[in-house]
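# Structural features, examined
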Amino acid sequence: MLNAFVNDFYHLSAAMSGKKILNYLRLKGSYFFSVLLQKPVHRGYPSFLSVEPGTYCNLQCPECFTTRAEFSRPRGNMATDTFEKIMKQTAGYVFYLNLYFQGEPFLNDKLFDFIARAKKNGCYTAVSTNGHFLDELNAKKLILSRLDRLIISLDGTDADTYSLYRKGGDFNTVVKGIKTLVEQRKNTKSKRPFIEIQFVLTRKNQSQQYQIKGLGKKLGADKVSVKSFQLLNYDQAREWLSDKKSRYFIADDGAVKIKNKMHNRCFRMWSSCVVTWDGVAVPCCYDKNASYPMGNIFHQPLNEIWNSENSRNFRKKIFSQRKNIDICMNCSE
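Conventions we followed
- Residues numbered from 1 in each chain as written.
- Predicted model: local features only at pLDDT ≥ 70, side-chain atom pairs only at ≥ 80, totals over all residues.
- Heavy atoms only, no water.
- Helix = DSSP H or I, 4+ residues; strand = E, 2+ residues; numbered from the N terminus.
- Rg over C-alpha atoms; globule rule 2.2 N^0.38 Å.
- Buried < 20%, exposed > 50% of the residue type's maximum accessible area, 1.4 Å probe, protein only.
- Contact = heavy atoms within 4.5 Å.
- Areas by Shrake-Rupley, 256 points an atom, 1.4 Å probe, with all protein chains shown as cover.
- Lys, Arg positive; Asp, Glu negative; His and termini not counted.
- Charge placed at Lys NZ, Arg CZ, Asp CG, Glu CD.
- Axes fitted to C-alpha atoms, helices over the stretch in contact; angles between N-to-C directions.
- Parallel < 35°, antiparallel > 145°, perpendicular 65-115°, else oblique.
- Left-handed = near helix turned anticlockwise from the far one by under 90°.
- Nonpolar A, V, L, I, M, F, W, Y, C, P; charged D, E, K, R; others polar.
- Expected span 1.5 Å × (residues − 1).
- Arc of directions from axis to C-beta.

What the protein contains, in helices and strands, is twelve helices and eleven strands. The C-alpha radius of gyration computed for the protein amounts to 20 Å, which stays within 12% of the reference 20 Å derived for 333 residues, consistent with globular compactness. For the protein, the C-alpha atoms occupy an extent of roughly 55 × 50 × 40 Å along the three principal directions. Each of the 333 residues in the protein was classed as buried or not, and the buried ones make up 53%. The contacts in the protein between residues at least 6 apart in sequence include a share of 69% that link residues at least 24 apart. A total accessible area of about 15600 Å² is found for the protein, and carbon and sulfur atoms account for 52% of it. Taking the 51 positively charged and 30 negatively charged side chains of the protein as two groups, their mean positions are separated by 8 Å.

And the structure:
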């Protein structure tokens, strides 16, 4: 287990060239002065980037925005030329690439090509999946692509509990997939990918939050994370919110509120952004409907979008009235 963390840290460190470290320090420094001065001062380019392989999903999870009626932006899968353009535009400063936003990444058959291309850019690369496509062939492809981290959702330690939230999913398929990937990694003597099981804590599975650690160890995963539940429909709060480790609380008047104090600052807007499958750059992963587009990589390079008037105005709003930005109201930062 310790070796897995050491290897993972080494792979992350290897992605941080001198140029990328300097860029990150510029981001950190400018953010520090912004907080100090209480006005946005921004230097550098994004060190962290999320790219959306596609918006389709094979599941129907109740509180997932991907399958909700409110999802109003176009659906589709990212094309190779779109991803290639992103890689060319971010070479030299992005060191952590997350191939996930909305949808199930494995439903885009170009995913393995994307991973391999990102590795050529020197990126530490991660993918988050519901785990239903980890057959022997895909496990081998993941290893050959040199993916650094795979995050697999497993929200129960048995089929009945798992199916309460993962509608349309199959617990045994996911468990088998994890075993297959672990076995293939062992057979090839590969140190990648780091395998993380993610357990989203709800009222319906909270009795298993300690059991999942044991199951993860038994399956051979390198890490098990218990993640707080993100609520989209506040009317469903009493059905889904766990008693502990929730980012929300229900007030005496019945209103659902986030626990964190809403400070007028956010490091995500200094260090990262998200690019949708069709090239739209948005502030962060909470802008699921691309309601705050900063620009499109087909119209201008990402480094120009990053410092565009739209981006500057959004950062100004973060420092003056963050509580009035709807996507910020669900954020745990």
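Back to the text.
Let us look at the packing of helix 3 (residues 80–90) against helix 4 (residues 111–120). Packing of helix 3 against helix 4 leaves a shortest axis separation of 10 Å and a crossing angle of 15°. Compared by their axis directions, helix 3 and helix 4 come out roughly parallel. For helix 3 against helix 4, the interelement crossing comes out right-handed. Of the residues in helix 4, those in contact with Thr80, Phe83, Glu84, Met87 and Lys88 of helix 3 are Phe114, Arg117 and Ala118. Partitioned by chemical class, the residues of the contact of helix 3 with helix 4 number four nonpolar, one polar and three charged.

Attention now moves to the side chain of His11. Structurally, His11 is set in helix 1 (residues 2–14). Setting aside residues up to four positions removed in sequence, His11 forms contacts with Tyr124, Asp148, Lys191 and Arg192.

For the bond running from Arg192 to Pro193, omega is -10°, close enough to zero to count as cis. Secondary-structure assignment places Pro193 in the loop between helix 7 (171–187) and strand 5 (194–201). Unusually for a residue other than glycine, Arg146 sits at a positive phi of about 70°. Inspection of the secondary structure puts Arg146 in the loop between helix 5 (136–145) and strand 4 (149–153). At Lys189, a residue that is not glycine, the phi angle is positive and equals roughly 55°. Within the fold, Lys189 resides in the loop between helix 7 and strand 5.

This part is about helix 2 (residues 18–37). An α-helical turn contains 3.6 residues, so any two residues separated by three or four positions project in the same direction. Between the first and last C-alpha of helix 2 there are 28 Å, a value that for 20 residues agrees with the 28 Å anticipated at 1.5 Å per step. For helix 2, the set of buried residues is Lys20, Asn23, Leu27, Ser30, Tyr31 and Ser34. Mapping the buried residues of helix 2 onto a view down its axis gives an arc of 105°, with all of them on the same face. The outward face of helix 2, more than 90 degrees from its buried face, is lined by the exposed residues Gly18, Leu22, Leu25, Phe32 and Leu36. Buried-residue contacts for helix 2 involve helix 10 (268–271), helix 11 (302–306) and helix 12 (309–321).

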